[in-house]
Amino acid sequence: MRKLFIILGIISAVLAVLLALLPLSNLAFIPAAIAFICGFIAFVMSNKSGTSKKTVVLIFLLTIIALSFASYKAVFTETKVGNTEELQEKEKASEEEAIEELEGLDLEDIDIE
């Protein structure tokens, strides 16, 4: 059971580090929390059985690294909005073109029965 929590903790911690380094850094908090919980359970089981705690320390270290990267990016990264005026102009132009096409249709010749 201890090995299962160690494996889950390592996988979650590595995933958290990878997500923290990618632009999706806000998603890194979820696997970091899972890694922390699995690491804590593995730590308690290691204390009861008296086995080595080196891998559990690795889980906590990777989790702390992931949380620090994700927190840094969440605090210091600005989201910039692009030029929306161009998009609005293109939208108006396409709407006008659609209206012109609809006005150009001859609907009187169509028999609906």
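Rules used throughout
Residues numbered from 1 in each chain as written. Predicted model: local features only at pLDDT ≥ 70, side-chain atom pairs only at ≥ 80, totals over all residues. Heavy atoms only, no water. Axes fitted to C-alpha atoms, helices over the stretch in contact; angles between N-to-C directions. Helix = DSSP H or I, 4+ residues; strand = E, 2+ residues; numbered from the N terminus. Parallel < 35°, antiparallel > 145°, perpendicular 65-115°, else oblique. Left-handed = near helix turned anticlockwise from the far one by under 90°. Contact = heavy atoms within 4.5 Å. Nonpolar A, V, L, I, M, F, W, Y, C, P; charged D, E, K, R; others polar. Core = buried A, V, L, I, M, F, W, Y, C linked by side-chain atoms within 4.5 Å. Buried < 20%, exposed > 50% of the residue type's maximum accessible area, 1.4 Å probe, protein only. Expected span 1.5 Å × (residues − 1). Phe/Tyr/Trp six-rings, centres within 6.5 Å; stacked < 30°, edge-to-face > 60°. Patch = residues over 30% accessible without salt bridge, like charges linked within 9 Å, V, L, I, M, F, W, Y side chains within 5 Å. Areas by Shrake-Rupley, 256 points an atom, 1.4 Å probe, with all protein chains shown as cover. Salt bridge = Lys/Arg side-chain N within 4 Å of Asp/Glu carboxyl O.

Now for the packing of helix α2 (residues 29-49) against helix α3 (residues 54-76). At their nearest, the axes of α2 and α3 sit 9 Å apart, and the two run at 160° to each other. One element, α2, and the other, α3, form an angle in the roughly antiparallel class. Crossing geometry of α2 relative to α3 is assigned as left-handed. Note on element contacts: α3 touches α2 through Val56, Ile59, Phe60, Thr63, Leu67, Ala70 and Ser71, opposite Phe29, Ala32, Ala35, Phe36, Gly39, Phe40, Ala42, Phe43 and Ser46. By residue class, the composition of the contact of α2 with α3 is 12 nonpolar, four polar and no charged.

Right, let's get into the nonpolar core. What tends to happen in soluble globular proteins is that the nonpolar side chains get buried as a cluster. Membership of the largest hydrophobic core comes to 13 residues, with the highest contact counts inside it found for Ile6 and Ala42. Elements supplying a minimum of two residues to this core: α1 (2-21), α2 and α3. Among the elements that make up this core, the one with the highest residue count is α1 (five residues). For Ile6, the residues in contact, after removing those within four places along its chain, are Ala42, Thr55, Val56 and Ile59.

Turning next to helix α4 (residues 84-104). Helix length check: α4, at 21 residues, gives a terminal C-alpha distance of 30 Å against a target of 30 Å (1.5 Å per residue), a fit within 8%. In terms of burial, α4 is largely open, as just zero of its 21 residues are buried.

For the rest of this paragraph, the subject is the side chain of Ser25. As for its placement among the helices and strands, Ser25 is situated in the loop between α1 and α2. For Ser25, the residues in contact, after removing those within four places along its chain, are Leu19, Ala20, Ala70 and Lys73.

We now examine the packing of aromatic side chains. Inspection of every chain in the model, using the stated rule, returns two aromatic pairs. A ring pair is formed by Tyr72 and Phe76, whose centres lie 5.0 Å apart and whose planes are at 45°; its orientation type is tilted. Of this pair, Tyr72 and Phe76 both sit in helix α3, four residues apart, which is roughly one turn of that helix. You'll find Tyr72 and Phe76 in the same group, each marked exposed.

Side chains of Leu21, Leu58, Leu61, Ile65 and Phe69 sit close together on the surface and give an oily, nonpolar patch of about 420 Å² of accessible area. With four residues, α3 is the largest single contributor of residues to the nonpolar patch. One can find Leu61 in helix α3.

Looking now at the packing of α1 against α3. Running from N to C, α1 and α3 cross one another at 25°; their axes reach a closest spacing of 8 Å. With respect to their mutual orientation, α1 and α3 come out roughly parallel. With respect to the hand of their crossing, α1 and α3 are arranged in left-handed fashion. Of the residues in α3, those in contact with Arg2, Phe5, Ile6, Gly9, Ile10, Ala13, Val14, Ala16, Val17, Ala20 and Leu21 of α1 are Thr55, Val56, Ile59, Leu62, Thr63, Ala66, Phe69, Ala70 and Lys73.

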